[in-house]
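# Fold and contact review
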Amino acid sequence: MSTKDYIEKDYYKALGVTKEAPPADIKKTYRKLARELHPDKNPGDAKAEARFKEVSEAYDVLSDPTKRKEYDEARSLFGGGGFGGFGAGAGAGQRRTNVNFNMSDLFSGSSGNVNDLFDGLFGSGSGRAGPQSAGPTRGQDTSAEVGLGFEDAVRGVTMPLRLSGPATCKTCNGLGSRPGTAPRRCPNCGGSGFVSRNQGAFGFSEPCVECRGSGQLIDDPCPDCHGSGATTQTRTINVRIPAGVRDGARVRLAGKGTPGTRGAPSGDLYVTVHVEPHKLFGRSGDDLTLTVPISFQEAALGTTLRVPTLDGSVALKIAPGTPSGRTLRVRGRGVAKRGGAGDLLVTVEVAVPAHVDGAARDALEAFAAVQRDDPRPDITAALGEG
């Protein structure tokens, strides 16, 4: 639906409803009219067919909350429809102004969006600021990805990162002009980057064609960047990855993105970190996790084990009767964090021998003969045994 239709056509009148009509009333009215005017019910009636199309078009706008809001804003701004009555919404005693101009001039080149039209006419039709000078512009933010070892992610590391892309021209330092010269202010727009053009009763701002909206003219361009202020370069920067970074985290490097134009600051670089898994350790927040197999006799009788950490090893005491799956905590041997470090969580799992024979089998059978503890008392009770 074009902006011109929004302003010239009275959809409320087409449906025979008031501007304050709720959606339910609009829907009910449309259904009634559609049944009466449908071409199948009025074969060969061109007037009824045209009216059916008018009603359908009106309902298409008024039944959609977004379209209805834009339509209401357009007609409110232009006095209730029709440019000949611009200012018709003025209160009693206020002067009404009739403006005569060519509608096709206003809508030529329009995108059809009512907010875009208002912005072009008044500079702030939807609350946005009007045209600003297109001089020096901050560079865009860019992104990169790095793979990181598990231990480097826990401890933190500084690593080189090789990037290829636009960078500030070293010859002209981003100014775009040959060394020893400088850009001059565009005389056509006075350095603003925009020029005004009157169209009937309205004024339009558009980018200056002389300087292409930059506000500056370069008479003697830099031979390396040809006036753009940037060249494609391969560069290596050192990236500091903080200790404890998690997989998928993004690290911001201020000023390491795309260079700005005309000497403006560069954008930022965001580095996404992919942490490789460790063959022994896992991670849960700031804690490291480790699974350690133990033998049946170690679990039953108790023992002291040496277990690895990322910084050497520690002694871990296994109490007699420790069940498989129990997790023991080693304080301060996890991931570094502000004010200390996380813990190492060690989960023990009883390893069952795959093959038992000879003296070992005899010993287990003798143990089974004298063992009186029931490992599954609840199941025994449910079965009614014992």
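In this report, we go over the structure that sits alongside the text.

## Overview of the sheet that holds strand β17 (residues 344–350)
What the four strands build is an open sheet, ordered β10-β11-β17-β14; its pairing is mixed. Sheet topology places β10 (282–284) and β14 (327–330) at the edges, where each strand pairs with a single neighbour. Across the sheet, the axes of successive neighbouring strands diverge by a mean angle of 35°, strand direction being ignored. As defined by bridge partners, β10 adjoins strand β11 (residues 287–294) across three bridges and the pair is classed as antiparallel.

## What to know about the nonpolar core
Leu-148, Leu-161, Ile-241, Leu-269 and Val-273 are the most contacted members of the largest nonpolar core, which has 38 residues in total. Formed by 18 residues, the second largest nonpolar core is a distinct cluster that contains Tyr-11, Ala-21, Tyr-30 and Tyr-71.

## With respect to the packing of helix α3 (residues 23–37) against helix α4 (residues 46–62)
Contact geometry for α3 and α4: axes closest at 10 Å, N-to-C directions at 160°. On the basis of the axis angle, α3 is roughly antiparallel to α4. For the crossing formed where α3 meets α4, the hand is left-handed. Contacts between α3 and α4 pair Ile-26, Lys-27, Tyr-30, Leu-33, Ala-34 and Leu-37 from the former with Ala-48, Arg-51, Phe-52, Val-55, Ser-56, Tyr-59 and Leu-62 from the latter. Looking at the contact of α3 with α4, its residues break down into ten nonpolar, one polar and two charged.

## Here's the deal with α3
Relative to the 21 Å expected for 15 residues at 1.5 Å per residue, α3 spans 21 Å between its end C-alpha atoms, a close match to the ideal helical length. When α3 is considered as a whole, its buried residues turn out to be Ile-26, Tyr-30, Leu-33, Ala-34 and Leu-37. Each buried residue of α3 lies within a common arc of 105° when the element is viewed along its axis, so the set occupies one face. Relative to its buried face, α3 has exposed residues pointing more than 90 degrees away, namely Ala-24, Lys-28 and Arg-35.

## Side note on a nonpolar patch on the surface
There is a patch of nonpolar side chains on the surface, built from Phe-296, Phe-367 and Val-370 and spanning about 290 Å² of accessible area. Note on placement: Phe-296 falls in helix α9 (residues 296–301).

## Observations concerning the pairing of strand β13 (residues 312–318)
For strand β12 (residues 303–309) and β13, the ladder comprises seven bridges, and the chain directions are antiparallel. Residue Val-307 lies in a different strand from β13, and its bridge partner there is Val-314. In this antiparallel pair of consecutive strands, β12 and β13, the connection spans two residues.

## What to know about α4
With 17 residues, α4 extends 24 Å from end C-alpha to end C-alpha; this agrees with the ideal 24 Å at 1.5 Å per step. Those residues of α4 lying buried are Ala-48, Phe-52, Val-55, Ala-58, Tyr-59, Val-61 and Leu-62. Where α4 begins, the side chain of Asp-45 points an oxygen toward the backbone nitrogen of Lys-47, at a separation of 3.1 Å.

Criteria and thresholds
- Numbering of residues begins from 1 in every chain and follows the order in which that chain's sequence is written.
- In keeping with the predicted nature of the model, local features appear solely for residues at pLDDT of at least 70, side-chain atom pairs appear and are counted solely at 80 or more, and the whole-chain, interface and lining totals rest on all residues.
- Note that water and hydrogens are dropped before the side-chain values are worked out from all heavy atoms of the structure.
- By this definition, two strands are paired if DSSP reports at least two bridges between them.
- Only runs of H or I of at least four residues qualify as helices and only runs of E of at least two qualify as strands under DSSP, and these elements are numbered from the N terminus.
- Simply put, an axis is a line fit to the C-alpha atoms, just over the touching stretch for a helix, and the angle between two N-to-C directions goes from 0 to 180 degrees.
- Remark: nonpolar core denotes a set of buried residues (Ala, Val, Leu, Ile, Met, Phe, Trp, Tyr, Cys) joined through side-chain atoms within 4.5 Å.
- Only protein chains enter the calculation, and the probe is 1.4 Å; a residue is then buried if its accessible area is under 20% of its type maximum, exposed if over 50%, and partly exposed in between.
- For this classification, under 35 degrees means roughly parallel, over 145 means roughly antiparallel, 65 to 115 means roughly perpendicular, and everything else is oblique.
- Whether a crossing is left-handed or right-handed is set by the direction in which the near helix is turned from the far one by less than a right angle, anticlockwise for left-handed and clockwise for right-handed.
- Contact criterion: two residues are considered in contact whenever any of their non-hydrogen atoms come within 4.5 Å of each other.
- When residues are grouped by polarity, Ala, Val, Leu, Ile, Met, Phe, Trp, Tyr, Cys and Pro land in nonpolar, Asp, Glu, Lys and Arg in charged, and all others, Gly among them, in polar.
- Given a helix with a known number of residues, its expected span is that number minus one, times 1.5 Å.
- The arc under discussion is defined with respect to the helix axis, by the directions toward the C-beta atoms.
- Candidate patch residues must exceed 30% relative accessible area and have no salt bridge, after which like charges are joined if within 9 Å and Val, Leu, Ile, Met, Phe, Trp or Tyr side chains if within 5 Å.
- Computed with a 1.4 Å probe, the accessible areas rest on the Shrake-Rupley method; for each residue, only the protein chains presented here act as cover.
- Just to be clear on terms, a salt bridge is a Lys or Arg side-chain nitrogen sitting within 4 Å of an Asp or Glu carboxyl oxygen.
- Here a polar contact is recorded for every N or O atom pair within 3.5 Å, except that within protein the pair must consist of a potential hydrogen donor and a potential acceptor, and residues adjacent in sequence are included only if both atoms are side-chain atoms.

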